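Commentary on secondary and tertiary structure
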Amino acid sequence: MNITSAKFIKGAVGTDNILENTIAQVAFIGRSNAGKSSLINALTNQKDLAITSSYPGRTQQMNIFLINKSLYFVDLPGYGFVRISPAVREKLQKMIDWYLFRSGYQQKYVVLVIDANIGLTDFDLDMLYKLEAEEKNIIVVGNKVDKIKKSVYEKQIEKIQEQIGSHKLFLFSSTKKIGIGELAAFLLK
Ligand code: GDP
């Protein structure tokens, strides 16, 4: 199945009626600059649905998109933020932790977006372990595969797979439009 419609519904900062209804939620989480917004735009085939981090505004809330009128994508703020104040960073971290670990909301999948060229950073591993501890249905998307040098490509993918253990890894490039169909089909299944 393909994504045929995607609509920005609203930004939430905490408990929200919209998250209480019966529509399934797929959460996207990742280190700031891993390319999470670009990935959501590529996946939904819309240029500016998720606002990339060069535009601050919407990155400080949980952005909710309705996909194919039947599924919510919940785009969480990026973690590991480098360009923002410690106070804002703490506020965002609290929001992420609340939504994922304390709100009681269930997710069909939690999609951990990483920069495949860099591999998993300490921030990513920390998030992965927390998601595992809460028994979330985790999938990992290695974005920016187009940036990996050919000579180290296989080694890099092997290393990522080793770090994430048995979780499913999707190889992706938002820029080069690699892996879109496979990921969309999996999330919609
Ligand atoms: P976010 O902070 O995780 O939402 O990241 P953005 O979507 O804003 O992307 C961060 C930067 O990475 C931007 O400069 C993007 O153009 C770039 N980027 C995102 N996806 C890819 C990709 O698949 N390949 C390459 N080469 N660059 C990408």
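The sections below set out a description of the structure shown in this document. Because the structure is predicted, anything quoted here is derived from the model rather than measured.

Let us look at helix 3 (residues 86-102). Between its first and last C-alpha atoms helix 3 spans 22 Å; for 17 residues at 1.5 Å apiece the expected length is 24 Å, and the two agree. Along helix 3, the residues that are buried comprise Leu92, Met95, Ile96, Asp97, Trp98, Tyr99, Leu100 and Phe101. Of the residues one or two after helix 3, glycine 104 is the one with positive phi, at around 85°.

This part is about the site of the ligand. Near the ligand you find 17 residues, and of these Lys36, Ser37, Ser38, Asp146 and Thr175 are the closest. Residue serine 173 places a side-chain N or O atom 3.4 Å away from an oxygen atom belonging to the ligand. Interatomic distance of 2.8 Å between a side-chain N/O atom of threonine 175 and a nitrogen atom of the ligand. Look at the ligand: alone it shows 580 Å² of surface, and the protein chains cover 76% of it. In terms of residue count, the dominant contributor to the shell around the ligand is helix 2 (residues 36-44) (three residues). By residue class, the composition of the shell around the ligand is one nonpolar, 11 polar and five charged.

Moving on, we come to the sheet that holds strand 2 (residues 24-30). Taken together, seven strands build an open sheet; the order of strands is 1-3-4-2-5-6-7 and the sheet is mixed. Edge positions in the open sheet fall to strand 1 (6-12) and strand 7 (168-171), since each of these has one partner strand only. Taking each pair of neighbouring strands and ignoring which way they run, the sheet shows an average axis angle of 25°. With six bridges joining them, strand 5 (residues 109-115) and strand 6 (residues 138-143) adopt parallel strand pairing. Within strand 6, the residue paired with valine 110 across the bridge is isoleucine 138. Against the sheet, helix 4 (residues 122-133) makes contact with strand 2, strand 5 and strand 6, and its axis sits at roughly 165° relative to strand 5, the strand it touches most. Where helix 5 (residues 153-164) meets the sheet, its contacts fall on strand 5, strand 6 and strand 7, and the angle it forms with strand 7 comes to roughly 150°.

What follows deals with the pattern of salt bridges. All told, the structure shown has five salt bridges when counted by the stated rule. Between aspartate 75 and lysine 36 there is a salt bridge, with its nearest N and O atoms 2.5 Å apart. Separated by 39 residues along the polypeptide, aspartate 75 in strand 4 (residues 71-75) and lysine 36 in helix 2 bring together distant segments of the chain. A salt bridge links glutamate 90 to lysine 94, with the shortest nitrogen-to-oxygen separation between them at 3.4 Å.

Under the defined criterion, the tally for this structure stands at six aromatic pairs. Plain terms: the ring middles of tyrosine 99 and tyrosine 105 are 6.0 Å apart, the flat faces sit at 45° to each other, and that makes the pair tilted. The ring of phenylalanine 170 carries lysine 168 above its face, with NZ or CZ at 5.0 Å from the centroid.

The element strand 3 (residues 62-67) is largely enclosed, with a buried count of six among its six residues. What you see with strand 3 is no split at all: Met62, Ile64 and Leu66 on one side and Asn63, Phe65 and Ile67 on the other are buried throughout. Strand direction decides the pairing type here: strand 1 and strand 3, joined by six bridges, are antiparallel. Paired with lysine 7 across the two strands is leucine 66, which belongs to strand 3. Counting the residues between successive antiparallel strands, the hairpin from strand 3 to strand 4 contains three residues, one of them, asparagine 68, with a positive phi of roughly 50°.

Within the secondary structure, tryptophan 98 is located in helix 3. Taking the C-alpha atoms as reference, tryptophan 98 lies 9.9 Å from valine 13; in sequence the two are 85 residues apart. Those residues in contact with tryptophan 98 that sit more than four places away from it in its chain are Gly14, Thr15, Met62, Ser103 and Tyr105.

Rules behind the numbers
Residues numbered from 1 in each chain as written. Predicted model: local features only at pLDDT ≥ 70, side-chain atom pairs only at ≥ 80, totals over all residues. Heavy atoms only, no water. Helix = DSSP H or I, 4+ residues; strand = E, 2+ residues; numbered from the N terminus. Expected span 1.5 Å × (residues − 1). Buried < 20%, exposed > 50% of the residue type's maximum accessible area, 1.4 Å probe, protein only. Near = heavy atom within 4 Å. Polar contact = N/O pair within 3.5 Å; in protein donor to acceptor, adjacent residues only side chain to side chain. Areas by Shrake-Rupley, 256 points an atom, 1.4 Å probe, with all protein chains shown as cover. Nonpolar A, V, L, I, M, F, W, Y, C, P; charged D, E, K, R; others polar. Pairing = 2+ DSSP bridges. Axes fitted to C-alpha atoms, helices over the stretch in contact; angles between N-to-C directions. Contact = heavy atoms within 4.5 Å. Salt bridge = Lys/Arg side-chain N within 4 Å of Asp/Glu carboxyl O. Phe/Tyr/Trp six-rings, centres within 6.5 Å; stacked < 30°, edge-to-face > 60°. Lys NZ or Arg CZ within 6 Å of the ring centre and 35° of its normal.

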